[in-house]
Amino acid sequence: MLDLVLLEAHAAELRSLLATPDGAEAAAYLLLGRAEIGSDPWSGRRRHRMVSHRAVPVPEEDKVSASGLHVTWSTRSFVRLLKAAEEQGLTLAIVHTHPGSHAFFSDQDDANERDLLRIVGNRSGAGHGFASVVLGGDGSVCARRWTAPATAEPCERVAVVGRGIRLHGLAGGDGDPLLDRQARLFGPTFNGLVRALKVGVVGCGGTGSPTALLLARLGIGHVLLVDDDVVELTNLNRVHGSRRTDVEGRVPKVEVLRREIEAAGLGVEVTTFKGWVGDAAARDALRSCDVVFGCTDDHDGRLFLNRLAYFYGIPVIDMGLRIMPARDGRPYEMAGRVTLAGPGAPCLMCRGLVDPRRAMEEALRRTDPAAYEARKAEAYVLGGGDPAPAVVTFTTETACMAVNELLQALTGFRGDGGMRTGRQRRFDAVEDRATTCTPRAGCEVCAGTGLWGRGDVLPFLYRAG
Ligand SMILES: [Zn+2]
Ligand SMILES: [Zn+2]
């Protein structure tokens with residue numbers, strides 16, 4: 001299986017690079033990162049995902065001719081970029097427009113690309129290849145990958161991802177009467193879209209449990225649940241679906257939610273990972289997702305998701321609750337927050353939502369519990385302190401805010417512009433506002449674009465340890 005994630009920033013760059021005043025076709029290049037997924041957790045099949053990393057114009061001197069029906073350019077820049085791509089573990093893609101039509105591959109495209117494949121085969125040998133992307137005049141996109149000596153594999157879909165999420169190449173709408181009422185609002189193609197989506201939920205506690213159950217009710221076709229914990233007595237006040245018998249049975253939170261979703265019979269395929277989100281065994285599942293909800297208060301986990309979002313073009317909709325003693329007469333200040341991380345949005349580090357010291361301590365506790373306890377005894381680590389307060393109505397409302405951001409990304413029900421990068425709702429003050437931040441100068445994931453769509457690298461996400 002093959003698919004392409006095209007970052008909105010690159011899609012916009014290509015559209016402006018390729019706009020021609022006379023309606024002629026035009027061409028450019030894309031360098032693509034790769035995600036080699038050994039086993040997609042829902043299908044069990046191998047998946048190769050390509051993610052846009054950088055757009056590159058065709059040099060003026062290489063342009064030969066173009067009309068409304070063709071575009072021709074010299075292969076000099078192709079050969080040069082092919083070499084650069086291979087050295088960096090990237091895939092080179094040619095991109096061209098069909099200004100007067102829907103995106104498709106023409107007979108002429110087939111012939112041209114077979115010629116390019118011969119060049120690749122001669123230079124690099126069998127097993128090497130390149131990709132091809134067509135942008136239609138109506139906004140549609142299609143893509144495929146050629147591998148020497150002879151095969152072209154179509155992308156089953158192209159996701160254009162940023163503050164919005166658009167899937168190209170889906171089969172027609174889903175006429176399932178089970179989801180009829182929402183199709184009446186969002187239109188006949190909405191249910192096919194949610195059925196095709198793969199959504200991760202990291203953390204299955206106070207905010208993660210309502211998030212997972214809301215996604216299931218929306219008919220999201222594929223849900224991944226990630227959490228390391230079992231249900232404890234103090235979770236019963238807010239973890240949806242949990243029962244007293246789960247406490248006695250030490251049932252993992254991911255299994256509680258799987259049981260509840262499957263029992264509802266909504267046609268949702270659930271897959272679970274019981275463990276820490278950054279564990280190598282979770283990588284195939286996470287890299288298969290289209291979007292991930294961050295519902296954890298684990299700082300190291302949030303740091304990990306933060307990088308994943310930019311390297312793979314997988315938007316992370318992170319959420320949290322802040323309850324603290326207030327000033328001005330109210331006993332508490334209570335706020336729910338939803339923060340988008342991913343290419344085009346400031347990252348969670350720049351937002352001040354990750355405490356690097358706590359992230360380091362959590363990593364130590366996970367990898368060397370004895371050393372962690374020793375340092376805790378000597379008061380060198382902050383430790384957990386008292387458990388944070390938590391009330392089900394506030395955790396659940398925060399989850400609703402977060403899932404509504406996904407709906408906004410899919411449908412634009414609040415208007416254009418996609419998801420807000422930050423929202424905060426004050427429960428004590430009845431106040432809802434957008435929050436923004438400027439990336440820290442030099443932030444490697446969000447201030448520059450160098451790591452966007454970089455895909456697989458060693459070590460994973462360039463993270464030590
Ligand atoms: Zn063409
Ligand atoms: Zn940043």
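Residues numbered from 1 in each chain as written. Chains lettered and ligands numbered in written order. Predicted model: local features only at pLDDT ≥ 70, side-chain atom pairs only at ≥ 80, totals over all residues.

Caption draft 1: Spatial organisation of the overall build of the protein. Helices and strands together make up the secondary structure of the protein, namely 13 helices and 19 strands. Taken over the C-alpha trace, the protein has a radius of gyration of 24 Å; the compact-globule value for 465 residues is 23 Å, and the two agree within 12%. Its C-alpha atoms give the protein principal-axis dimensions of roughly 70 × 55 × 45 Å. The 465 residues of the protein split such that 46% are buried. Taking contacts inside the protein between residues at least 6 apart in sequence as the whole, the part at least 24 apart equals 67%. (Helix = DSSP H or I, 4+ residues; strand = E, 2+ residues; numbered from the N terminus. Rg over C-alpha atoms; globule rule 2.2 N^0.38 Å. Buried ≥ 20, exposed ≤ 12 C-beta atoms within 10 Å, placed from the backbone. Contact = placed C-beta atoms within 7 Å.)

Caption draft 2: The sheet that holds strand S9 (residues 151–154), seen in detail. The strand order across the open sheet formed by nine strands is S9-S8-S7-S6-S2-S3-S1-S10-S11, and the pairing between neighbours is mixed. The outermost strands of the open sheet, each flanked by one partner alone, are S9 and strand S11 (165–168). If you compare each strand with its neighbour and ignore which way they point, the axes differ by 30 degrees on average. Pairing analysis gives four bridges linking strand S8 (residues 141–147) to S9, with the strands arranged antiparallel. Bridging across to S9, Arg144 finds its partner in Pro154. Across the sheet, helix H3 (residues 107–124) is in contact with strand S7 (129–136) and S8; its angle to S7 comes to roughly 155 degrees. (Pairing = 2+ DSSP bridges. Axes fitted to C-alpha atoms, helices over the stretch in contact; angles between N-to-C directions.)

Caption draft 3: The arrangement of helix H6 (residues 208–217) in detail. Most of H6 sits out of view: nine of its ten residues are buried. Among the residues of H6, those classed as buried are Gly208, Ser209, Pro210, Thr211, Ala212, Leu213, Leu214, Leu215 and Ala216. Those residues of H6 hidden inside the fold are in contact with strand S12 (198–202), strand S13 (222–227), helix H8 (253–264), strand S15 (291–294) and helix H13 (392–411). Once H6 ends, the next one or two residues include Gly219, with phi positive near 85 degrees.

Caption draft 4: The environment of Lys253, seen in detail. Position of Lys253 relative to the elements: it lies in helix H8. Taking the C-alpha atoms as reference points, Lys253 and Lys376, separated by 123 residues in sequence, lie 27 Å from one another. For Lys253, the residues in contact, after removing those within four places along its chain, are Cys204, Gly205, Asp227, Asp229, Val230, Val231 and Val239.

Caption draft 5: A look at the environment of Ala171. Looking at the secondary structure, you find Ala171 in the loop between S11 and helix H4 (180–186). With 10 C-beta atoms counted inside 10 Å, the residue Ala171 sits in the exposed group. Ala171 sits 118 residues away from His53 along the chain, and the two C-alpha atoms are 27 Å apart.

Caption draft 6: Local environment of the packing of H6 against H13. Two elements in contact, H6 and H13, have axes separated by 8 Å at closest approach and are oriented at 45 degrees. Taken together, the axes of H6 and H13 lie oblique to each other. For the element pair H6 and H13, the recorded crossing hand is right-handed. Here H6 contributes Pro210, Thr211, Leu214 and Leu215 to the contact with H13, which in turn contributes Thr395, Thr396, Ala399, Cys400, Ala402 and Val403. (Parallel < 35°, antiparallel > 145°, perpendicular 65-115°, else oblique. Left-handed = near helix turned anticlockwise from the far one by under 90°.)

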